[in-house]
Amino acid sequence: MRVGYLQSHPEFGAVQRNIDQFASQLGDVDCDLLVLPELAFSGYQFATMEEVLALAEPVPDGPTTRVCADLARRHRLHLVVGLPERDGGTYYNSAILVGPSGFLGCYRKTHLFFEETLFFSPGDSGLRVWDIGPARLGVMICFDWYYPEVARTLALRGADVVCHPSNLVLPWCPDAMVTRSLENRVFSITANRVGREARAGKPPLTFIGASSIIAPDGTALARASAADPECTVVEIDPAAARDKSLNPYNHILHDRRPQSYAL
Ligand code: ACM
């Protein structure tokens with residue numbers, strides 16, 4: 001299975017430009033699964049609720065989901081794409097999964113970071129795993145990495161690959177995802193963005209790049225630069241994530257002792 005990340009540099013609010021740029025790049029990409037960043041086409045640093053209202057879209061009936069589903073059909077691949085979602089009067093920082101057969105599902109970010117808390121509601125979709133045939137995919141978004149329960153829950157629910165759309169600004173995640181993969185013996189694909197946003201007099205945010213694909217044994221199969229857009233694809237065998245035995249005596253999931261963790 002060929003899987004990859006797109007490390008992009010979107011322009012805030014220029015949704016059509018950002019989507020067009022993505023669509024033109026996709027022709028050169030040969031893969032089965034491509035993960036895009038969090039808020040991939042809207043940009044990240046919202047300054048007012050009016051901007052959220054203007055840029056958030058219903059899922060699956062909004063334009064970004066429709067365009068992505070169409071691209072997934074035409075290029076015969078699966079895409080995980082972050083976007084601001086509107087559901088009635090509630091707004092979520094979400095990621096959609098689309099494939100050759102169309103829209104498959106949506107995950108709403110559980111753990112909001114910093115000023116996201118001003119504009120979005122914590123996700124209520126739960127932590128879901130989708131079986132796309134060659135692999136079972138779990139999705140978490142950016143700051144969800146800070147909560148090891150998220151990747152653990154996805155692994156317990158059968159995820160082989162954790163897809164991780166991100167807009168990272170803190171430095172620790174690229175290293176932490178090695179541990180998230182290792183402790184759950186899953187592949188992880190972190191798709192981060194690069195560039196800087198400093199909108200409406202707010203403190204600047206510099207996105208750290210360093211998108212990565214990590215194997216179940218913690219090996220970094222790919223690691224992007226800190227500053228440049230790129231699209232990287234590697235070959236993986238998702239079955240490697242189904243062997244949870246560390247040695248003949250330790251199966252990392254069966255060896256858990258939930259009774260010792262109860263509060
Ligand atoms: C983040 O959750 N965008 C840091």
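Quick note: structure is the one above.
Definitions and cut-offs
- Residues numbered from 1 in each chain as written.
- Predicted model: local features only at pLDDT ≥ 70, side-chain atom pairs only at ≥ 80, totals over all residues.
- Heavy atoms only, no water.
- Helix = DSSP H or I, 4+ residues; strand = E, 2+ residues; numbered from the N terminus.
- Rg over C-alpha atoms; globule rule 2.2 N^0.38 Å.
- Buried < 20%, exposed > 50% of the residue type's maximum accessible area, 1.4 Å probe, protein only.
- Axes fitted to C-alpha atoms, helices over the stretch in contact; angles between N-to-C directions.
- Left-handed = near helix turned anticlockwise from the far one by under 90°.
- Contact = heavy atoms within 4.5 Å.
- Nonpolar A, V, L, I, M, F, W, Y, C, P; charged D, E, K, R; others polar.
- Core = buried A, V, L, I, M, F, W, Y, C linked by side-chain atoms within 4.5 Å.
- Pairing = 2+ DSSP bridges.
- Polar contact = N/O pair within 3.5 Å; in protein donor to acceptor, adjacent residues only side chain to side chain.

**Observations regarding the overall build of the chain**
Next, step 1: Counting its secondary structure elements, the chain contains seven helices and 16 strands.
Next, step 2: On C-alpha atoms alone, the chain measures out to a radius of gyration of 17 Å, which is about the 18 Å that the 2.2 N^0.38 rule sets for 263 residues.
Next, step 3: With the C-alpha coordinates of the chain rotated into their principal frame, the extents come out at 55 × 45 × 35 Å.
Next, step 4: In the chain, which comprises 263 residues, the share counted as buried stands at 55%.

**Regarding the packing of helix α5 (residues 148-156) against helix α6 (residues 173-184)**
Next, step 1: In contact at an axis separation of 10 Å, α5 and α6 are set at 35° when each is read in the N-to-C sense. Crossing geometry of α5 relative to α6 is assigned as right-handed. Contacts between α5 and α6 involve Pro148, Ala151, Arg152 and Ala155 on the former and, on the latter, Arg180, Glu183 and Asn184.
Next, step 2: Tallied by class, residues from the contact of α5 with α6 come to three nonpolar, one polar and three charged.

**A look at the environment of Thr219**
Next, step 1: With respect to the helices and strands, Thr219 occurs in the loop between β12 (212-214) and β13 (220-223).
Next, step 2: By relative accessible area, Thr219 is classed as partly exposed at 37%.
Next, step 3: With 37 residues separating them along the chain, Thr219 and Arg256 place their C-alpha atoms 23 Å apart.

**What to know about unusual backbone geometry**
Next, step 1: Residue Pro60 follows Val59 across a cis peptide bond; omega there is 10°.
Next, step 2: Relative to the helices and strands, Pro60 is located in the loop between α2 (49-55) and α3 (63-75).
Next, step 3: At Arg76, a position not held by glycine, the phi torsion is positive, near 50°.
Next, step 4: On the secondary structure map, Arg76 appears in the loop between α3 and β3 (78-87).

**Details of the nonpolar core**
Next, step 1: In this structure, Leu33 and Val161 are the most contacted members of the largest nonpolar core, which totals 42 residues.
Next, step 2: Looking at this core, the elements that each hand over two or more residues are β1 (2-7), β2 (33-35), β4 (90-99), β7 (136-139), α5, β8 (161-165), α6 and β9 (187-191).
Next, step 3: With four residues, the single largest contributor to this core is α5.
Next, step 4: Grouped together as the second largest cluster of nonpolar side chains are 38 residues, Leu6, Val81, Leu83 and Leu205 included.

**A few points about the sheet that holds β13**
Next, step 1: With mixed pairing, the six strands of this open sheet are ordered in space as β6-β7-β8-β9-β12-β13. In this open sheet, the two edge strands, each paired with only one partner strand, are β6 (129-131) and β13. Going across the sheet, the axis of each strand differs from the next one's by a mean of 15°, ignoring polarity.
Next, step 2: As paired strands, β6 and β7 are joined by three bridges and run antiparallel to one another. Across the sheet, Trp130 pairs through a bridge with Leu137, a residue of β7.

**Focus: the side chain of Ser94**
Next, step 1: Along the chain, Ser94 turns up in strand β4.
Next, step 2: The class of Ser94 is buried, set by a relative accessible area of 0%.
Next, step 3: Here Glu85 takes part through its side chain, which lies 2.7 Å from a polar atom of the side chain of Ser94.
Next, step 4: Not counting residues within four places of it along the chain, the set of residues in contact with Ser94 comprises Val81, Gly82, Leu83, Glu85, Cys106, Tyr107, Arg108 and Ile141.

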